Amino acid sequence: MTRQMTGAKMVVEALKDQGVDTVFGYPGGAVLPIYDEVFQQNEIRHILVRHEQGAVHAAEGYARATGKPGVVLVTSGPGATNAVTGLTDALMDSIPIVVLTGQVPTFMIGSDAFQEADTVGITRPCTKMNWLVKETDKLASTIHEAFHIASAGRPGPVLIDIPKDVQFATGSYTEKAKTKVSHYQPRVKGDIDMITALVEAMETAERPLFYTGGGVINSGPQASTLLRELVDATGFPITSTLMGLGSYPASGKNWLGMLGMHGLYEANLAMHGCDLMINIGARFDDRITGRIADFSPGSRKAHVDIDPSSINKVIHADFPIIGDVGHVLEDMLRVWKARGRKTNSAGLAKWWEQIETWKTVRCLDYKADTKVIKPQYALERLEALTKDHDRYICTEVGQHQMWAAQYLGFEDPNRWMTSGGLGTMGYGVPASVGVQVAHPDALVINVAGEASWLMNMQEMGTAVQFRLPVKQFIMNNERLGMVRQWQELLHGERYSHSWSEALPDFVKLAEAFGAKGILCSDPADLDDAIMEMINHDGPVIFDCLVEKHENCFPMIPSGKAHNEMLLGEASTKDAIDADGAVMV
Amino acid sequence: MTHSGGVPHHKTERFLMSPLKIEKGASSHSAYDLRSHMSEEIETHTLAVLVTNEAGVLARVIGLFSGRGYNIDSLTVAEVDHEGHRSRITIVTSGTPQVINQIKMQLERMVPVHEVADLSVEGAFVSRELALIKVMGKGEARVEALRIAEIFRANVVDSTLESFVFEITGTPDKIDAFCDLMRPLGDVRLARTGVAAIARGV
């Protein structure tokens, strides 16, 4: 016997059925009926943001920190169009989110009504799938289907556009269990013959390397556990993309550091010189490959990916394996163990020797300074003082993001939230809000540049309203740092519009919001200031004035290959080492 | 590769085999992808895509082509299974082998797409198009037009003292040839449907 209820009530029922406990949203005319239902229940918590873009980024942060889909509720017209950036960001980074948008009544669609926009038309290219629900009887099953599609296979954003008259009308509610099984069932088990061929190659490879990415995180914590087992058992070196940090611990024996355009010297040279590259859950992004014609010329490549269109898109895969990373790793381990746990130990020993000589370059060293806080130093101190906390790190986009990836150590998955594929400035403030909502007692830090931070700063209001003690660690160099760096290196130092003028006083701004503000410009005061930030029971804006013209190295300039990295001025063997830099 | 029409099969069964190392020159109707992976030659492929018959699905497929810069040489679409709510989109596209492969993979991963068949590599196939050609002329040219129409087995579906409308079905090449012969005989107006195609045999 199906239950009869209004469309608005169906939305809330369906979300509860799906196990949703939090919705990020902003009301408006076209969603008033749904908001009325939200008001009259207590199981789902609604977080009122200050801008719809903030709602979507908060949902992304929530999703990455929990593994559950993030849920957004916004109104029609400008509410929906404000969500486009977040949807595109989620599509690029494969984050599962379900966005519910209001729409004008069905009989007014196409008449240029108030706050009407062609939401499904506008969001078609930036969602995995979207729907306009025209009949209340279909609303519940559409929502259940949406959750399935957001999470199945390669995760991604979905959008359901719900006209207001559909929200008011009464229809039959379809239970989650009774919803027709979707035909969309991506393959999760890899082809065992190809897996065996890969294991065979692993047994004899002289210079093997694991190259892991966001797919390991998306597969779930079990995938990270299996990855660690496989890496430790085989003894192969491992590197990771920006999106994959944390799947293998930074303190692990075989960790080479991040690879790519701003990756570590040893990681990039290992990619270039390996003879067997095992890509697990990464997509050969252009930030990683550099010039494709020169990418790892002597290696055979395995590519494990749940998305068949990712394989052979950019780089030819000798061992293409379509499947969920977790399932494939399980099979790889089982087959490798059954075949006698073989590796080419002589070859591996020489390979590690080679890698150790690359490490002596100490590519992350920088010139320390006693008067000005170097951004690298700021992150080294942040790492030292926070690493033993229950810590989640978000970032904005730019130099600070790269330094955070280089100098912070990630021991577990789902603790690193950054906008990789789309590189959205303004991601970090709302993402930190979303993460804190998911983990109210954790230490959530948004490492930001001052320019990125201002883009969605209005979400500090959300943090204060919901008592979310997010720590905004702003590395303020009064510049658009990454742009300035490229202008210095590649555009003849013509600094076209890459400085931040008319910046607010961040301490006064924090107080205006009702949060705490801390200003620090002296390296000698940094440790105490960071401890003050950590210990304050509430949201904090930390204005850390840093060196204005520091460049982020190593860097592979665009169009170059991995072995044409630029290294910074301090990366010679005689420079001050990392321990010394701390004491200066 | 056979297609069991009407029986739902998981999209998961289609996956890319890594290419065999056999040189170019193999028959374009071979069932295996024998072309060199790194070939830069532009090829034309006819794809038959089975999709859910829902509002917005065609827009999503076309958006894929325009968003990623793929070519559409011809596109036809119609419902083919009313109860199952399925339509077939027949697309003729061109690109290098790597691009063609990406097009297929990107189509396959779309949620409303049930099946993508590359008729150009999966064996022999039949491809047909329909065109309506109006030829406006007088005297000897009119007679000549009728004679050519008879040779091509085109039907006359409209005639006035100064014009004919011919209806012709056939491969796109045949239609091109017919139009080329009509053009010198007078003013020509043309409407074409685009290519519909289906695999031969089982």
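The model shown is predicted, which means the values in this text are computed figures rather than measured ones.

Engineer: Please explain the overall build of chain A as it appears in this structure.
Structural biologist: Counting its regular elements, chain A contains 24 helices and 20 strands. In terms of overall dimensions, chain A is globule-like: its C-alpha atoms have a radius of gyration of 25 Å, near the 25 Å expected for 584 residues. Counting all 584 residues of chain A, 54% fall into the buried class. Partitioning the contacts of chain A with sequence separation of at least 6, the portion at a separation of at least 24 is 77%.

Engineer: What exactly am I supposed to notice about the overall build of chain B here?
Structural biologist: Of regular secondary structure, chain B possesses four helices and nine strands. Here the contacts in chain B between residues at least 6 apart in sequence split such that 72% fall between residues at least 24 apart.

Engineer: How should the interface of chain B and chain A be read in this particular structure?
Structural biologist: It is common to give the size of an interface as the accessible area that goes away when the parts come together. Residue-level contacts link 20 residues of chain B with 20 residues of chain A. At the level of elements, α1 (57-68) and α2 (97-108) of chain B are the ones that each hand at least two residues to the side of chain B that touches chain A. The element best represented in the side of chain B that touches chain A is α2(B), accounting for five residues. Here the side of chain B that touches chain A is composed, by residue class, of six nonpolar, eleven polar and three charged.

Engineer: Looking at this structure, how should I read unusual backbone geometry?
Structural biologist: One can expect most non-glycine residues to show negative phi and most peptide bonds to be in trans. Of note, the amide linkage connecting F553(A) to P554(A) takes the cis form, showing an omega dihedral of -5 degrees. Within the secondary structure, P554(A) sits in the loop between β20 (540-545) and α24 (578-583). A positive phi is found at H85(B), a non-glycine position, where the angle reads about 55 degrees. Secondary-structure assignment places H85(B) in the loop between β2 (74-81) and β3 (86-95). Notably, R153(B) is not glycine yet its phi reads approximately 55 degrees, a positive angle. Its location among the elements puts R153(B) in the loop between α3 (140-151) and β6 (155-160).

Engineer: Would you mind showing me how to read helix α12 (residues 265-273) of chain A here?
Structural biologist: Because an α-helix completes one turn every 3.6 residues, residues spaced three or four positions apart along the sequence face the same direction. Residues and elements named next belong to chain A. Counting buried residues in α12 gives eight out of nine residues, a clear majority hidden from the surface. Taken residue by residue, α12 has Y265, E266, A267, N268, L269, A270, M271 and H272 as its buried positions. Tucked inside the fold, the buried residues of α12 contact β9 (208-212), β10 (238-240), β11 (255-258), β12 (276-280) and α15 (345-359).

Engineer: Hey, could you run me through the sheet that holds strand β19 (residues 516-520) of chain A in this one?
Structural biologist: Hydrogen bonds between backbone groups are what pair the strands of a sheet, and the pairing can be parallel or antiparallel. All names here are of chain A. Taken together, the six strands give an open sheet; going across it, the order is β16-β15-β17-β18-β20-β19, and neighbouring strands pair in parallel fashion. In the strand order of this sheet, the two ends are held by β16 (416-417) and β19, each with one partner. Across five bridges, the pairing between strand β15 (residues 391-395) and strand β17 (residues 443-449) is parallel. The residue bridging R391 from the neighbouring strand is L443, located in β17. Each of β15, β17 and β18 (471-476) is contacted by helix α17 (residues 399-407), which is oriented at about 135 degrees to β17, the strand it contacts most. The sheet contacts of helix α23 (residues 526-535) involve β17, β18, β19 and β20, and relative to β19 the element is tilted by about 170 degrees.

Engineer: For this particular structure, what's the right way to read the packing of helix α3 (residues 52-66) of chain A against helix α18 (residues 428-438) of chain A?
Structural biologist: Working note: a packed helix pair is described by the angle between its axes plus the distance between those axes. Residue and element names in this part refer to chain A. Between α3 and α18, the shortest axis-to-axis distance is 7 Å and the interhelical angle comes to 45 degrees. Looking at the two axes, α3 sits oblique to α18. For the pair α3 and α18, the crossing hand works out as right-handed. Facing G54, H57, A58, A59, E60, G61, Y62, A65 and T66 of α3, the residues of α18 in contact are P430, A431, S432, V433, G434, V435, V437 and A438. When the residues that make up the contact of α3 with α18 are grouped by side-chain class, the tally is ten nonpolar, six polar and one charged.

Engineer: In this structure, what is going on with the sheet that holds β2(B)? I would like to understand it.
Structural biologist: All names here are of chain B. Taken together, the four strands give an open sheet; going across it, the order is β2-β3-β1-β4, and neighbouring strands pair in antiparallel fashion. In this open sheet, the two strands that pair with only one neighbour each are β2 and β4 (113-118). Averaged over all adjacent pairs, the angle separating strand axes in this sheet is 20 degrees, with direction ignored. Pairing of strand β1 (residues 43-52) with β4 involves five bridges; the strand directions are antiparallel. By the bridge assignment, V49 is partnered in β4 with V116. Along the sheet, α1 makes contact with β1, β2 and β3, crossing β1 at roughly 150 degrees. Of the strands in this sheet, β1, β3 and β4 are in contact with α2, which crosses β4 at around 155 degrees.

Engineer: Could you clarify how one ought to interpret the nonpolar core in this entry?
Structural biologist: For soluble globular proteins, nonpolar side chains are generally found buried alongside one another. Membership of the largest hydrophobic core comes to 193 residues, with the highest contact counts inside it found for A59(A), V72(A), I97(A) and V49(B). Once residues lying within four places of it in the same chain are set aside, the contact partners of V49(B) are V61(B), R88(B), I89(B), I91(B), L107(B), V113(B) and V116(B). Counting twelve residues, the second-largest nonpolar core is a separate cluster that includes V135(B), A145(B), A154(B) and F164(B).

Engineer: When you look at the packing of α12(A) against α15(A) in this model, what are you seeing that I'm missing?
Structural biologist: Residues and elements named next belong to chain A. Put simply, α12 and α15 touch, their axes get as near as 8 Å, and they point 140 degrees apart. Remark: the crossing between α12 and α15 carries right-handed chirality. Here α12 contributes Y265, E266, L269 and A270 to the contact with α15, which in turn contributes I355, W358 and K359. Residues that form the contact of α12 with α15 fall into these classes: five nonpolar, no polar and two charged.

Engineer: Hey, could you run me through the pairing of β15(A) in this one?
Structural biologist: The two faces of a sheet get side chains in turn, since along a regular strand they alternate between them. Residues and elements named next belong to chain A. Most of β15 is tucked away: five of the five residues are buried. Residues R391, I393 and T395 point to one face of β15 and Y392 and C394 to the other, with burial holding for every one of them. One ladder, built from two bridges, connects β15 with β16; its direction is parallel. Looking across to β16, one finds that C394 is bridged to M417. What joins β15 to β16 is α17, and the crossover it makes is right-handed.

Engineer: What's the story with the environment of F295(A) in this structure? I'm lost.
Structural biologist: Residue and element names in this part refer to chain A. Mapped onto the elements of the fold, F295 is located in the loop between α13 (286-289) and β13 (300-305). Note: C-alpha distance between F295 and G213 (82 residues apart in sequence) is 17 Å. For F295, the contacting residues outside a window of four places in its chain are T289, G290, I315 and A561.

Engineer: Can you help me understand the environment of V116(B) in this one?
Structural biologist: Residue and element names in this part refer to chain B. Checked against the element boundaries, V116 lands in strand β4. Considered as a pair, V116 and V49 are 67 residues apart in the sequence and their alpha carbons are 4.6 Å apart. Among all residues touching V116, those that are not within four sequence positions of it are L47, V49, K104, L107 and E108.

Engineer: Explain the confidence of the model for chain A to me, please; I cannot follow it from the model alone.
Structural biologist: For residues with low pLDDT, the predicted coordinates do not support detailed interpretation. With 97% of its residues at a pLDDT of at least 70, chain A reaches an overall mean of 95. Across residues 570-584 of chain A the pLDDT falls below 50, and counting only partners more than four positions away or on other chains, this stretch makes 22 contacts in the model.

Engineer: Got a minute to help me understand helix α4 (residues 172-182) of chain B in this structure?
Structural biologist: All names here are of chain B. Listed in full, the buried residues belonging to α4 are I175, F178 and M182. The arc that holds every buried residue of α4, seen down its axis, measures 60 degrees, which confines them to one face. Seen from the buried face of α4, the exposed residues on the opposite side, beyond 90 degrees, are D173 and D180. Buried residues along α4 sit in contact with β5 (125-136), α3, β7 (163-170) and β8 (187-192).

Analysis parameters
- Residues numbered from 1 in each chain as written.
- Chains lettered and ligands numbered in written order.
- Predicted model: local features only at pLDDT ≥ 70, side-chain atom pairs only at ≥ 80, totals over all residues.
- Helix = DSSP H or I, 4+ residues; strand = E, 2+ residues; numbered from the N terminus.
- Rg over C-alpha atoms; globule rule 2.2 N^0.38 Å.
- Buried ≥ 20, exposed ≤ 12 C-beta atoms within 10 Å, placed from the backbone.
- Contact = placed C-beta atoms within 7 Å.
- Nonpolar A, V, L, I, M, F, W, Y, C, P; charged D, E, K, R; others polar.
- Pairing = 2+ DSSP bridges.
- Axes fitted to C-alpha atoms, helices over the stretch in contact; angles between N-to-C directions.
- Parallel < 35°, antiparallel > 145°, perpendicular 65-115°, else oblique.
- Left-handed = near helix turned anticlockwise from the far one by under 90°.
- Core = buried A, V, L, I, M, F, W, Y, C linked by C-beta atoms within 7 Å.
- Right-handed = clockwise from strand over helix to strand, strands pointing away.
- pLDDT = per-residue confidence, 0-100.
- Arc of directions from axis to C-beta.

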